[in-house]
Amino acid sequence: MKRAVFLIVIGFVLASAAPARAGQQQTFEPGSLIIPMDLAYQDSGIFQAYGLIFQLLRQGVNVNWVIDPDKTWHAAACDTAGNECAWDCLTEGSGVKCDYPTASPDFTTLGKVVWDGAGQAARGDPVPSHAYRGGPFVIAAADRTAALAIIDVWNDQATWADNPWAERSVFNVVTVHEVDESFVGYVRKKMVAAPTIAVFSDGNEEIATGYLRAAGIPQSNGNEFPDAKCGQDDCGPGTVNPDMLTVKSVMGDMGTCDNLNMDHKNGALFTSDGVPAFCQIMSMHWDVKDRETVECDDGDCPATQAECNGETITYHGHEVVAEVRQFLQYPVHFFAECQAVNAYENTVPNPEWPFLDDSHRNGHFLTTTGHPPDCDNGQCSEADFECVSGGCNAGARDCCLPSSDKEIGAGFLIADRPDSSSIKIFYPFVPYNQMDGAFETVGGSEPAYNLSDYLQTKYINDMDVTFITGPDGPGDQDIWMTGFMEGECWIGDDDTQHNPGECTMGKVSYLGGHRYNTDVPLSANPDSQGTRLFLNALFEADCVTSVGQPDIVLSLDGDQVVAAQTVPVESTFTAQYSNPGSGAALDAVLAFLFSADCSAADIEPGGAQNGSEISWPIGSISGQAAMAGDPPSQGGRWTTLQFPDFGEYQLEVQLGYRVGASSLQAEPFNLTVRVALDSDGDHIPDEDDPDPDDKNICGDSDNDTCDDCSVSGFADPRNDGSDRDGDGLCDEGDPTPDGDGDGGNTNGTASGCGCSAPAKTELSLGLAVLLIGILVRRRRLFP
């Protein structure tokens, strides 16, 4: 028994080992590759570096985001007299400081050039000691060869014809260094999957696609994101631009006016089985008036619901917000910029016709809903507010509401654009806030945001989500905000500060300003810095990093030893999978492989056989961040194998799946099955059987009750008998089955399995050996 339990426990622990978590010091050996992210080395290739990271992840190379947890921001230019930075700009020890603000370094090391974005150094030229800043990306030496094959194509247009995945309209060489000495860095995020990115076609989608094109990040089908607004029918699922989502595709089927569909997970953000189809969605400037639009049969809705009977709801702005809210129940990411911020964040449910909202049609992902004060003799004491008769409590209260429709439901009020020289930058150790050089604010309809004392609004759970703000912030002229949905956790914590199962909701990022530039070099275009923040957000999302991944555990249920009197013999095995990780696995395919000399006698329906491999399409496998109705997080498929002869056979379970744009494989599970001779048919191989030819030893092969020897002439666990005297011996093989010494018969003769019964002591020993043999030979492994 001990051996059987030992095998099960060890098999489970090895199979279910979770991936390494980020948020820890790591030693990088010589040969490791660095993608610098400071302007000293990556001034022109800064955006294309993110496209390179995308391709490395898509093609199976893990990337470490190395960020010093104690780093600080030096707000003045580093060469400011009397306020110089402690670190040098290019070469440590030179005394030459950067003429722009920077954060403190993440690590310092030296090495050699692989690629030089400035075109001044050749491969192999030395890179003197440099204090790398701005959150550099590091690839471990073990992945060097695989990474270089991708990097060399990305940086060389002459190779693109044979590698169309690298083709893009915007091209800049990305600087890459190789280290000559080992160094220690703090891995804040371990990135393992390339993100799929949905862009909301809100009428200003070319802002987001401009950022993505600057980086060279493609759609899920490999096509470049378009450089213009969507046309009538060229965007959405099933088109050449499947990741450009229209309002109608996001909101899903809403039914008719008299038969409403209130499913908030049936739009294009979700797979057909109800888990997120994308890693993130971006909305750049969705007008509040569009959010407040409901259409029936592609036109204005009738005055009442009764008049609308039979008409289809064809546009519903609040339903878009509901679908995004449900999307954010998973470890994904939502980014909004400019007016889109208030279009989502300030949404409040409206139960009246034609909205007919339930509680899920609620924005306020990061902020609380305000409490408009009563009017004072028809007046409001705060500027930009107006007294609205019956404006609150379903018409029962006169209250002061914002004069601007964009601020109704706040949440956020719109703030003036802060002067770039006055901004404050917080938490430079958070991945979202990695940058090097000056940040220039930009204008637009919503350049920054205020919380409101007048409305008593605040960030949910008083969570600190502000990273860039005006001189009186946070809460006043906030520009760059990021947090977990509804303040679930503080985003400044690293992954080691959260227990498994915590902080599994999505992340929300808001950026003030209408459109940031994409021009490089970045040192000469500080108004392009907001584009870098957008790209940071793509790769900080948990669906990209190790903490938000599925953790697929495979196992095989069946006999490790198949005892047989004759061959061929059949035995059934169940290939099993489970996912104790937080994220879902998409498009999963389970495969069961067996030795070529075996054959499949029967397989579970739905499987397809190709030689000695059987595969089943599973679809989505939910993670622990699941909702009611989601696909199961575990399951299995059975196969009955026929073994042609005695000997050993190799079995294997595999599972392929997708996360984002990355195709991944679970750690396979292997099992050696032995088919052994069992001459007497007692289910104990002869080599383990003390009396391989004896058919008179009866036991309890299936650990429930006595085996019935009388049916087959030997112990058969499918035909349980009885043990009246409780001595552990089956009546059919017990010389004294009722304990009186007469064999249980009136004539005083013992009965057995058609032959004389062995002595009690001999039978007890035989039973002990039998039970031990069963436990040793029978190995069942569960997820």
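Located above this text is the structure these notes cover.
An account of the accompanying structure is given in this report. (Residues numbered from 1 in each chain as written. Predicted model: local features only at pLDDT ≥ 70, side-chain atom pairs only at ≥ 80, totals over all residues. Heavy atoms only, no water.)

### Regarding the sheet that holds strand E35 (residues 634-643)
Across the sheet, which stays open at both edges, the four strands sit in the order E28-E30-E35-E32 with antiparallel pairing between neighbours. Looking along the sheet, the strands with just one partner apiece sit at the ends: strand E28 (553-557) and strand E32 (599-603). Neighbour-to-neighbour, the strand axes of the sheet open up by a mean angle of 30°, direction not taken into account. Summarising the sheet, strand E30 (residues 569-578) and E35 pair through ten bridges and their orientation is antiparallel. Bridge assignment links Ala575 to a residue of E35, and that residue is Arg637. (Pairing = 2+ DSSP bridges. Helix = DSSP H or I, 4+ residues; strand = E, 2+ residues; numbered from the N terminus. Axes fitted to C-alpha atoms, helices over the stretch in contact; angles between N-to-C directions.)

### Here we look at the environment of Ser633
Turning to its location among the elements, Ser633 is positioned in the loop between strand E34 (613-621) and E35. Under the relative-accessibility criterion, Ser633 is labelled partly exposed at 24%. Taking the C-alpha atoms as reference points, Ser633 and Ile621, separated by twelve residues in sequence, lie 5.1 Å from one another. Setting aside chain neighbours within four positions, we find Ser633 in contact with Tyr577, Ser578, Asn579, Ile621, Ser622 and Gln624. (Buried < 20%, exposed > 50% of the residue type's maximum accessible area, 1.4 Å probe, protein only. Contact = heavy atoms within 4.5 Å.)

### A few points about the pairing of strand E6 (residues 107-115)
Pairing geometry for E6 and strand E7 (residues 126-132), over five bridges, is antiparallel. Across the sheet, the residue bridging to Lys112 is Pro126, located in E7. Sheet topology note: the E6/strand E9 (residues 176-179) ladder contains four bridges and is antiparallel. The partner of Lys112 across the bridge, within E9, is Glu178.

### Some details on helix H5 (residues 205-215)
Counting buried positions along H5 gives ten out of eleven residues, so the element sits mostly inside the fold. Inspection of H5 places Glu205, Glu206, Ile207, Ala208, Thr209, Tyr211, Leu212, Arg213, Ala214 and Ala215 among the buried residues, and these make up the whole buried set. Looking one or two residues past H5, Gly216 carries a phi angle of roughly 80°, positive in sign.

### Observations regarding the packing of aromatic side chains
The tally for this structure, following the rule as stated, stands at 30 aromatic pairs. Summarising the aromatic geometry, the rings of Phe335 and Phe534 are spaced 4.9 Å apart at their centres and angled 85° between planes, so their arrangement reads as edge-to-face. Of the two residues, Phe335 sits in strand E19 (residues 333-337) while Phe534 sits in helix H10 (residues 529-540), which places them 199 residues apart along the sequence. Looking at Phe335, the relative accessible area reads 0%, which means it is buried. With 5.2 Å between their ring centres and 45° between their planes, Phe412 and Tyr449 make a pair best called tilted. Taken as a pair, Phe412 in the loop between strand E21 (397-402) and strand E22 (413-415) and Tyr449 in strand E24 (residues 448-450) lie far apart in primary sequence, 37 residues in all. Across the pair, exposure class does not vary: Phe412 and Tyr449 are buried alike. Aromatic rings pair up to connect Phe200, Trp286, Phe334, Tyr344, Phe365, Phe412, Tyr449, Tyr459 and Tyr510 into one cluster. Looking at Arg168, its charged tip hangs above the ring of Trp154, at a distance of 3.5 Å from the centre. (Phe/Tyr/Trp six-rings, centres within 6.5 Å; stacked < 30°, edge-to-face > 60°. Lys NZ or Arg CZ within 6 Å of the ring centre and 35° of its normal.)

### Digging into the side chain of Glu604
Positionally, Glu604 belongs in the loop between E32 and strand E33 (608-610). In contact with Glu604, not counting residues within four places along its chain, are Trp616, Gly636, Arg637 and Trp638.

### A few points about the state of the cysteines
Scanning all chains against the criterion turns up ten disulfides. Across the disulfide, Cys89 is cross-linked to Cys98 (sulfur-sulfur distance 2.0 Å). Negative torsions about the S-S bond denote left-handed disulfides, and the value of about 95° found for Cys89 with Cys98 makes this one right-handed. Taken as a pair, Cys89 and Cys98 share a single burial class, namely buried. (Disulfide = S-S within 2.5 Å.)

### What about the pattern of salt bridges?
It is possible for side chains bearing opposite charge to pair when their charged atoms get close. Summed over all chains, the structure comprises 28 salt bridges. In this structure, the salt-bridge partner of Asp152 is Arg123, at a minimum N-O distance of 2.6 Å. In this pair, Asp152 sits in helix H4 (residues 144-154) while Arg123 sits in the loop between E6 and E7, placing the two residues 29 residues apart along the sequence. On the basis of relative accessible area, Asp152 is assigned to the partly exposed category, the value being 24%. Exposure remark for Arg123: the relative accessible area of 47% places this residue in the partly exposed category. With a shortest N-O distance of 2.5 Å, Asp374 and Arg397 are connected by a salt bridge. With Asp374 in the loop between helix H9 (339-345) and strand E20 (385-392) and Arg397 in strand E21, this residue pair connects regions lying 23 residues apart in the sequence. One salt-bridge network, in which partners are shared between bridges, spans Lys112, Arg144, Glu178 and Asp180. (Salt bridge = Lys/Arg side-chain N within 4 Å of Asp/Glu carboxyl O.)

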